[in-house]
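Fold and geometry: a report
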Amino acid sequence: MRRPSLAIHALFFLSGAGALVLETVWFSQAGLVLGNAVWSAALVAGAFMAGLALGNAAAVPLARRWRDPLRAYAAVEAAAALSGAALVLALPLLPATFRPLLAPLLDDVAALNAARLAIAFCLLAVPAAALGASLPLLAAPLEGLSGNYGLALGRLYGINTLGAVAGTLAAELLLIPSLGLCGSGLAGAACNLAAALLAWRLASVVPAQAGIHGSPLARGRQQNVRLILSAFLTGALLLALEVVWFRFLLLFRDGTTLIFALMLAVVLAGIGVGALAAARLSRRRPFAGRAARVLCAAAAAWIVASYAAFDAVLHLAAPLERMPVASVLALSLFLMAPVAVLSGALFTALGNELRGRLDGATAATAVLATANTAGAMLGSLAAAFVLLPRLGLEPSFFLLAFLYGAAAFIVPAAWPGRMRFAPALAAAAAAALFPFGQMTGALHREVEARFAGRIVAAREGVAETAFYLAHDFLGEPLFYRLATNSYSMASTAPGAQRYMKLFAYLPAALHPRIESAALLCFGTGATAAALADLPELRELDVIDVSRDILEMSDVVHPDPRRHPLRDPRVTVRLEDGRFFLRQTAKRYDLITGEPPPPKIAGVTALYTREHFALLRERLNPGGIATYWLPAHLLHEREALAIARAFCEAFADCSLWSGVNLDWILVGSRDGLAPVPQERFARLFALPGAGAELRRLGFDGPGQLAAQFMADAGALRRLAAGTAPLVDDFPRRVGPRVGAEPATPNYAELMSASRGRERLAASEWATRILPADLVAASRDGFRRREILEASIYPGLRRPGYDYWADMAELLRAGSPELPRWALGSGARAAAIAARAGGGDPIAAEHVAIDAVATGRKPDAPTPERFAAMTARGQVVTLFHHCVAGERRRAAATAAWVPAARRGEEPYRSFFSWAARECGLAPGVF
């Protein structure tokens, strides 16, 4: 009888693997139909759990109708495979189908979410119910073969869950990257179909067991209710805890699809190991109510202990931070695995207790799984919509630990005397030791260290945990950073403001009149503020999934008169940008998007060819789309995959530089009309936009035109060997965060001199831009070259001379770019001036500001000069040289100790000064 048992185990492993592959694909595809917002994903997950629970409950009547449980199992497994494959093929075709139903509900969030839940349930009901019925149907024949229900249940549950681990990792690491979503879904369905065929063949070998799926109504109704309640509660707690765990770990590690897959794999593996361990224990002694109480109490204790010790463990794991897989595995194993193991064992223990009270293995398993899965559905939704936004992470951990202790009290168990209360009392003692205050103490300090800033605002919401951090300089905030979970999303630093505001100013220079605009993702509001600077703008839809980010923006927009969200022309849409554009009938003159980077889980859909085609569809004739291309976070093939996707949607695509590796894709619907010189220049005459452009280092239209990098022809040639990013192949942007800045194609695109040549040779530019503007851009390209070479070593030409470039940049007249290139800025200079010259750092920035603004250089004393930083000293010497004060430069240079003259930054400066400042090397 051993061989049939092994065959059942093998087919259920295969079933678990196929089911998780299918689930991964369904959830990704459903996001394209119902939106990729957190609440949409939670509703889809809830609908799937509801389908599983429905299938669990349907197993008993199905087993009664079909006397052979293995053939019944084969039928439901085949139904799961075929309906699952059909759903995989159908989902990409459904967004347009549901538009008539969903579009009228855009302004009614409650009705829209109800419709989403109903649609998700209807789509997933058949395959999910079929998958849900499988465990109860297999429990009876395996119990008959082994003679031990606990052994049968634990092994089935454990092996199926370990199969799910294999499916999770295979989908993320192998199937989706190589086969795409549809191919992966069909591969998962093939696994389930193979399990069905194996079960059907096995049914001819294993005789149907009599009397093992009888009536679930048996003795001890009150005890049964407590057991069912325990199964429901523990299912809810584990899924709620999983949501909380994932959000918690994302505070310290990037939320890529690989990270989510690894965390899920750890939870599933723990459940599987726990169930198998419980199965082994069930062979020797009763493993039921008493064990369940102890397991609940142990889970409560570990939740408290792991949270209390997490800061110490985080420090121990610090050496692994550069190895994301090892780091996440280590932290997940510590935080999640013990409770997951206990939960797998707990499921088996509760099943053993139920089997002793109910008549029939199928009935006991069905009741157990129905209650547990229904609880899981409620727990995941409650954590996403109630616990995290209302309580936050720390109180959620405490509440879940407390409720595990309550479960230890609820589970019925035959225990002598007062000992029956011992597990619950132990859990209560653990909860009493909960380390309240750790989140705002040690763990917030970890967040501050990660971003090198000071938290000034924090909020735990439905979509994410959001922080605003101040980066202080000489005791004052220099700029603010918005971080969500562990990722820096935007900042108010001048460089970031430069590229974010170009998303609005660049199309405003190219388009005759932008009256309506849509902004996908608000960030810190820089682009929205730039759009509000346009006097012809009549309406702006700001589309963002996070209410918290929008409400926290007062940190960086304290003046309500200048806050873009207070502008009467602005309408806020709390929705996934792609879903909103799919449902709305509105069209815009400009759609601009700067969503989170595509490596963040759930965001890839905002960078695919299908999404860009939707942008084009939602533009008015002649309308423009601008889009962020974060090359600093992408490998070359990934950046080119996105660029090709954009160019396949927009025939006149072009690429422009924001700053450094933050690039801007630009495309229009049906092409642009030629742009008169006065239209391109008009922004600089506007009081708001003109002042901002000059603050960001743009003195005139020629310099704005010099941000050009490549037109459609050049981009298509570069991306010719790269497949575009499309919905069906989202892993063409992989999970590893980081760019390849030294690649020849990156250097080719970023080269300002090559950009000038491409602009001059571009047929698109010749047709659209005035010849005088192209000619005037020459100086702008040179200034861009100097700026980017100063901050990006990969762009430095042979024989690069930093100080010669700085001297050339100073002759252009504007102080902003010299300030940046020399390592300062207007705000840093203002703070340094208030701090006074006694601080060496303040003195350095005051010196940079003096040389950038063309003020007469100060004559420092030897004591003041010696107190400066090395860079402050060199900037002071440089200032004397460019101001023509050669004798003072020579006298001051003599104060630099001879031993330091060969060190940087002295060495490169002295080399330049010997040539250009008229000072003989011997002077130094």
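Placed above this text is the structure.
Residues numbered from 1 in each chain as written. Predicted model: local features only at pLDDT ≥ 70, side-chain atom pairs only at ≥ 80, totals over all residues. Heavy atoms only, no water.

**Overview of helix H35 (residues 870-882)**
The first and last C-alpha atoms of H35 sit 18 Å apart over 13 residues, in line with the 18 Å expected at 1.5 Å per residue. Within H35, ten of the 13 residues are buried, leaving the element largely enclosed by the surrounding structure. By the burial criterion, the buried members of H35 are Gly872, Gln873, Val874, Val875, Thr876, Leu877, Phe878, His879, His880 and Cys881. Lining the buried residues of H35 we find helix H30 (802-810), helix H33 (840-853), helix H34 (862-867), helix H36 (886-893) and helix H37 (906-916). Glycine 884, located one to two residues past H35, shows a positive phi value of around 85°. (Helix = DSSP H or I, 4+ residues; strand = E, 2+ residues; numbered from the N terminus. Expected span 1.5 Å × (residues − 1). Buried < 20%, exposed > 50% of the residue type's maximum accessible area, 1.4 Å probe, protein only. Contact = heavy atoms within 4.5 Å.)

**A look at the packing of aromatic side chains**
Here the structure, examined in full by the defined rule, presents 35 aromatic pairs. Connected via pairs of aromatic rings, a cluster forms that spans Phe248, Phe252, Tyr307, Phe310, Phe397, Phe398, Phe402, Phe434 and Phe436. In this structure, arginine 116 is placed above the aromatic ring of phenylalanine 579, and the distance from its NZ or CZ to the ring centre is 4.3 Å. Over the face of the ring belonging to phenylalanine 729 we find arginine 732, whose NZ or CZ atom lies 4.4 Å from the ring centre. (Phe/Tyr/Trp six-rings, centres within 6.5 Å; stacked < 30°, edge-to-face > 60°. Lys NZ or Arg CZ within 6 Å of the ring centre and 35° of its normal.)

**Things to note about the pairing of strand E11 (residues 662-668)**
Burial runs high along E11: seven of the seven residues are buried. On E11, burial covers both faces: Asp662, Ile664, Val666 and Ser668 on one face and Trp663, Leu665 and Gly667 on the other are all buried. Sheet topology note: the strand E9 (residues 619-630)/E11 ladder contains seven bridges and is antiparallel. Looking at E11, one finds that tyrosine 627 is bridged to leucine 665. What sits between the antiparallel neighbours strand E10 (residues 654-659) and E11 is a turn of two residues, in which asparagine 660 has the positive phi angle 55°. (Pairing = 2+ DSSP bridges.)

**Re the pattern of salt bridges**
Any two side chains of opposite charge can pair, on the condition that their charged atoms come close. Inspection of the entire model under this criterion finds 46 salt bridges. Note that glutamate 536 and arginine 682 form a salt bridge whose closest N and O atoms lie 3.4 Å from each other. Linking glutamate 536 in the loop between helix H17 (526-532) and strand E6 (539-544) with arginine 682 in the loop between helix H22 (677-681) and helix H23 (687-695), this pair joins segments that are 146 residues apart in sequence. What makes glutamate 536 buried here is its relative accessible area of 8%. Assessed through its relative accessible area of 23%, arginine 682 is described here as partly exposed. In this structure, aspartate 805 and arginine 797 form a salt bridge, with 3.2 Å as the shortest nitrogen-oxygen distance. Look at aspartate 805 and you get buried, because its relative accessible area is 2%. (Salt bridge = Lys/Arg side-chain N within 4 Å of Asp/Glu carboxyl O.)

**Regarding the nonpolar core**
Counting residues in each nonpolar core, the largest one holds 262 residues, and the members touching the most others are Trp245, Phe248, Phe310 and Trp663. When residues in this core are grouped by element, the largest group, 16 residues, is from helix H5 (residues 109-146). With near-sequence residues (within four places) excluded, phenylalanine 248 lies in contact with Tyr307, Phe310, Leu335, Leu393, Phe397, Met439 and Leu443. In this structure, Leu809, Leu822, Leu877 and Phe909 belong to the second largest nonpolar core, which totals 34 residues. (Core = buried A, V, L, I, M, F, W, Y, C linked by side-chain atoms within 4.5 Å.)

**Things to note about the sheet that holds strand E2 (residues 465-473)**
The strand order across the open sheet formed by four strands is E1-E2-E3-E4, and the pairing between neighbours is antiparallel. In this open sheet, the two edge strands, each paired with only one partner strand, are strand E1 (454-460) and strand E4 (487-491). Across the sheet, the mean angle from the axis of one strand to that of its neighbour is 25°, orientation sign disregarded. Against the sheet, helix H32 (residues 826-835) makes contact with E2 and strand E3 (476-484), and its axis sits at roughly 140° relative to E3, the strand it touches most. (Axes fitted to C-alpha atoms, helices over the stretch in contact; angles between N-to-C directions.)

**Describing the packing of helix H7 (residues 221-249) against helix H8 (residues 257-282)**
Packing of H7 against H8 brings their axes to within 11 Å, and their N-to-C directions diverge by 145°. Here H7 runs over H8; the crossing is right-handed. Where H7 approaches H8, its residues Leu238, Glu242, Trp245, Phe246 and Leu249 are matched on the opposing element by Phe260, Met263, Leu264, Val267 and Ile271. Considering only residue class, the contact of H7 with H8 consists of nine nonpolar, no polar and one charged. (Left-handed = near helix turned anticlockwise from the far one by under 90°. Nonpolar A, V, L, I, M, F, W, Y, C, P; charged D, E, K, R; others polar.)

**Quick word on unusual backbone geometry**
For residues other than glycine, phi is negative in most cases, and the peptide bonds are mostly trans. Note that the residue after glutamate 904, namely proline 905, is joined by a cis bond; omega there is 5°. Mapped onto the secondary structure, proline 905 falls in the loop between H36 and H37. Located in the positive-phi region is asparagine 485, a residue other than glycine, with phi close to 55°. By secondary structure assignment, the location of asparagine 485 is in the loop between E3 and E4. Although it is not a glycine, aspartate 670 adopts a positive phi angle of roughly 70°.

**A short note on the side chain of asparagine 148**
Examined against the element boundaries, asparagine 148 turns out to sit in the loop between H5 and helix H6 (149-203). Given the relative accessible area of 19%, asparagine 148 is considered buried. Of the polar contacts made by the side chain of asparagine 148, one reaches the backbone oxygen of serine 282; its length is 3.0 Å. (Polar contact = N/O pair within 3.5 Å; in protein donor to acceptor, adjacent residues only side chain to side chain.)

**As for the state of the cysteines**
Applying the stated rule across the entire model yields two disulfides. Covalently, cysteine 647 is tied to cysteine 653 through a disulfide, its sulfur atoms 2.0 Å apart. Its S-S torsion of about 95° marks the bond between cysteine 647 and cysteine 653 as right-handed, since a negative value means left-handed. Just as cysteine 647 is buried, cysteine 653 falls in that class too. What pairs with cysteine 881 in a disulfide is cysteine 917, and their sulfur atoms sit 2.1 Å apart. Measuring handedness by torsion sign, the sulfur bridge of cysteine 881 and cysteine 917 sits at about -100° and is left-handed. Note that cysteine 881 is positioned in helix H35 and cysteine 917 in the segment after H37, a separation of 36 residues in sequence. Judged by relative accessible area, which is 1%, cysteine 917 ranks as buried. Of note for the protein chain: the bonded cysteines, numbered N- to C-terminal, pair according to 1-2, 3-4. Cysteine 191 provides the cysteine sulfur closest to cysteine 182, a residue in no disulfide bond, and the two sulfurs are 16 Å apart. Note on cysteine 191: relative accessible area 23%, which makes it partly exposed. (Disulfide = S-S within 2.5 Å.)

**Regarding the pairing of E1**
Pairing of E1 with E2 involves six bridges; the strand directions are antiparallel. When the sheet's bridge partners are listed, glutamate 460 is paired in E2 with threonine 465. Hairpin connection from E1 to E2: four residues lie between these consecutive antiparallel strands.

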